[in-house]
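# Geometric and topological summary
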Amino acid sequence: MLIPYLFKVSILLTALTLGYRWLVRFETFSVVNRILLWFNVAASWTLPLAPLPAWGPIKVQTEFHENLPRLIENLSVTSEIKVSPGIITADSSNVIVQEWQLTDWLLAIYFTGLILSIAIFLFQISRLLLRLWPLPAQKLHNGIVLVKDEKNVSPYSFFGRIILNPMQHSNLALQHILAHETEHIRQYHSLDLLAAEFQRILLWFNPSAWFHKKLVDENLEYLADNAVLKNGFEKKAYQIHLLGVTLQTGDLPLTHNFAQSMLKMRIKMMNRQRSKLWASGKYLLLIALLYLSSAFIAPYQNKVIEALPEDIRPVMNALVVEGKPSSVLQKEDSSELKKPTTIRLDSLKSQPDDILKFGNSPWIIKNKKTLYWAISPLATIAEIHNMSLEIRNFAGEMNINSISYDPLQLFITSLNVKINTQGAAGEGGQEEDKYTPVKGYSGSISKNGSLTMGGLPPEPLLNKIETDYQKALELKQENEARFFEKDLESKIDGAFSGTIYTKDYLEGPHREAIYQKLGLGISSENTLNITSMHKFGEFYLNGKPTGLATLNTITMDRFIRLNLIQDDHGKKYFLVYTK
């Protein structure tokens with residue numbers, strides 16, 4: 001029977017999907033998670049057709065597979081049919097009134113939803129194919145077809161095709177997009193989406209089928225992002241381009257969008273440390289979950305209900321117990337009724353419209369009329385994205401025209417923001433050199449469509465910006481040496497190598513060999529000793545140019561380290577740091 005089979009599939013899929021959600025969704029084993037999501041689909045649709053193995057709860061399996069179909073068959077829509085005597089004909093005794101059973105109603109509802117779901121899916125696919133058909137296409141060297149769509153808002157891929165508008169993106173952004181979408185195609189991610197979509201259509205009534213499709217899409221994005229970063233692209237620049245791509249409002253079926261509503265989660269996963277080996281034990285728990293999911297069917301149902309909160313026990317009992325009295329339905333003495341709660345009418349008065357409260361983003365404060373926003377020098381890509389979503393839900397739209405971080409990706413050094421409302425538009429920002437943080441930028445939008453750019457925000461936000469600015473200045477001071485090294489490395493033409501020599505290394509047991517071979521050591525006066533064999537090098541002390549003689553006067557109690565950089569032409573740079 002179809003209805004009992006679909007009921008069993010739904011139970012298994014729900015149990016496995018929730019297990020995946022709570023146990024392994026945020027683990028970095030994305031390849032394993034892809035296999036697991038496929039396994040969840042296969043297990044949900046095949047296990048109801050076969051008995052459990054010998055180690056399984058045979059009694060539970062037997063009762064479930066035998067009693068469920070019988071129960072559904074015997075349930076019928078009971079209705080009393082009254083016929084007026086004046087309408088009865090001579091042949092009325094031969095008329096047979098056929099009564100619809102519950103299964104008939106369920107099948108009618110199911111196939112109605114199924115046909116509607118298929119129709120919607122075919123309409124969306126047809127619309128996509130008709131849109132792609134007339135567009136110019138170019139076959140790349142790897143066999144992938146690049147389709148240029150001038151009306152395209154957000155890049156996406158569809159089986160072996162990548163659809164984008166090259167005019168909207170910089171060269172680096174195009175490299176990121178092509179690398180991301182190519183991984184979707186190379187790893188055949190469209191097959192995963194196709195299977196999840198078919199399952200969602202067949203189980204249109206089950207929220208778990210819809211959530212499973214979301215989990216599949218989410219994990220495929222993690223796989224593509226991880227592959228892009230493994231190919232050598234810089235993480236922060238890649239995330240910035242993700243943020244810069246406008247979110248597409250109407251997702252198409254079986255397509256992979258470069259930028260999606262799950263952007264915040266993708267950035268978190270890219271920044272997440274790799275899962276430890278012990279986390280793999282969670283996958284064993286999922287196997288146990290598959291085995292124990294049968295506990296929701298008799299004879300273990302009472303134990304399950306007793307473990308639930310008291311408030312929902314009667315509801316669950318009514319759903320799973322077939323008219324049998326159960327101890328879980330026993331209540332306390334009905335005479336011990338709770339006293340009614342008294343509600344003061346004055347407590348229901350609404351608060352004034354001008355009271356400011358923090359929004360979902362820590363960098364937004366608002367009331368019913370006005371929203372104030374701020375971007376601090378320490379703001380992350382995820383925080384800015386979250387802020388833009390909240391602004392969109394209020395009365396406007398935030399677009400980041402440009403944003404730059406220092407070479408160490410510690411703080412923002414330049415920023416340009418554009419705000420649009422129904423009645424106005426504004427643009428502004430700040431710019432410093434690549435080693436200096438911006439002070440922060442802020443503005444406001446109102447429900448009436450007005451806005452301000454660069455104005456001072458309310459005191460709570462102003463204090464937060466000032467605090468972050470001071471922290472950014474401290475980071476700049478703490479990393480001045482590293483900034484100098486980055487700047488020096490950027491000026492070196494061609495490849496180079498670097499070696500760090502610490503005090504312990506120069507004073508170690510091999511100091512004589514180091515001195516003879518490298519010309520680096522400690523003099524008899526306990527000062528740094530760089531021999532004349534390096535006299536044609538460039539010398540720096542704490543980030544400032546100096547000479548060889550000055551470096552050789554540094555006592556070892558002040559010495560911290562020496563960084564030796566050598567380019568492919570043999571030129572050497574000596575960077576010495578002291579207390």
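You'll find the structure just up there.
As a starting point, this report considers the structure included with it. As the structure is a computational prediction, the values presented were derived from the model and not from experiment. (Residues numbered from 1 in each chain as written. Predicted model: local features only at pLDDT ≥ 70, side-chain atom pairs only at ≥ 80, totals over all residues. Heavy atoms only, no water.)

## Re the sheet that holds strand β8 (residues 370-375)
Here we have five strands laid out as an open sheet, ordered β6-β7-β8-β12-β13, and antiparallel in their pairing. With one partner strand each, in any of the chains shown, β6 (357-358) and β13 (451-453) form the two edges of the open sheet. When strand β12 (residues 441-446) meets β13, the two strands line up antiparallel, connected through three bridges. Counterpart to Gly 443 in the pairing with β13 is Met 453. In this fold helix α13 (residues 381-394) packs onto β7 (364-366), β8 and β12, with an angle of close to 165° to the strand it touches most, β8. (Pairing = 2+ DSSP bridges. Helix = DSSP H or I, 4+ residues; strand = E, 2+ residues; numbered from the N terminus. Contact = heavy atoms within 4.5 Å. Axes fitted to C-alpha atoms, helices over the stretch in contact; angles between N-to-C directions.)

## What about the packing of helix α5 (residues 171-186) against helix α7 (residues 207-230)?
One way to put it is that α5 packs onto α7 with a least axis distance of 9 Å and a crossing angle of 125°. The angle between the axes of α5 and α7 places the two elements in the oblique class. For α5 against α7, the interelement crossing comes out right-handed. For the pair α5 and α7, contact is made by Ala 179, His 180, Glu 183 and His 184 and by Leu 220, Glu 221, Ala 224, Asp 225, Ala 227 and Val 228, respectively. Residue composition of the contact of α5 with α7, by class: five nonpolar, two polar and three charged. (Parallel < 35°, antiparallel > 145°, perpendicular 65-115°, else oblique. Left-handed = near helix turned anticlockwise from the far one by under 90°. Nonpolar A, V, L, I, M, F, W, Y, C, P; charged D, E, K, R; others polar.)

## Things to note about the packing of helix α1 (residues 2-23) against α7
Interaxial distance between α1 and α7 falls to 10 Å at its minimum, and their mutual angle equals 40°. For the element pair α1 and α7, the recorded crossing hand is left-handed. Counted together, Leu 13, Thr 14, Thr 17, Tyr 20 and Arg 21 of α1 and Ser 208, Ala 209, Phe 211, His 212, Leu 215 and Asn 219 of α7 form the full contact between these two elements. A class-by-class count of the residues in the contact of α1 with α7 yields five nonpolar, five polar and one charged.

## Comments concerning helix α15 (residues 480-491)
The end-to-end C-alpha separation of α15 is 17 Å, in line with the 16 Å expected for twelve residues at 1.5 Å each. Where α15 is concerned, the buried positions are Phe 483, Phe 484, Glu 485, Asp 487 and Leu 488. (Expected span 1.5 Å × (residues − 1). Buried < 20%, exposed > 50% of the residue type's maximum accessible area, 1.4 Å probe, protein only.)

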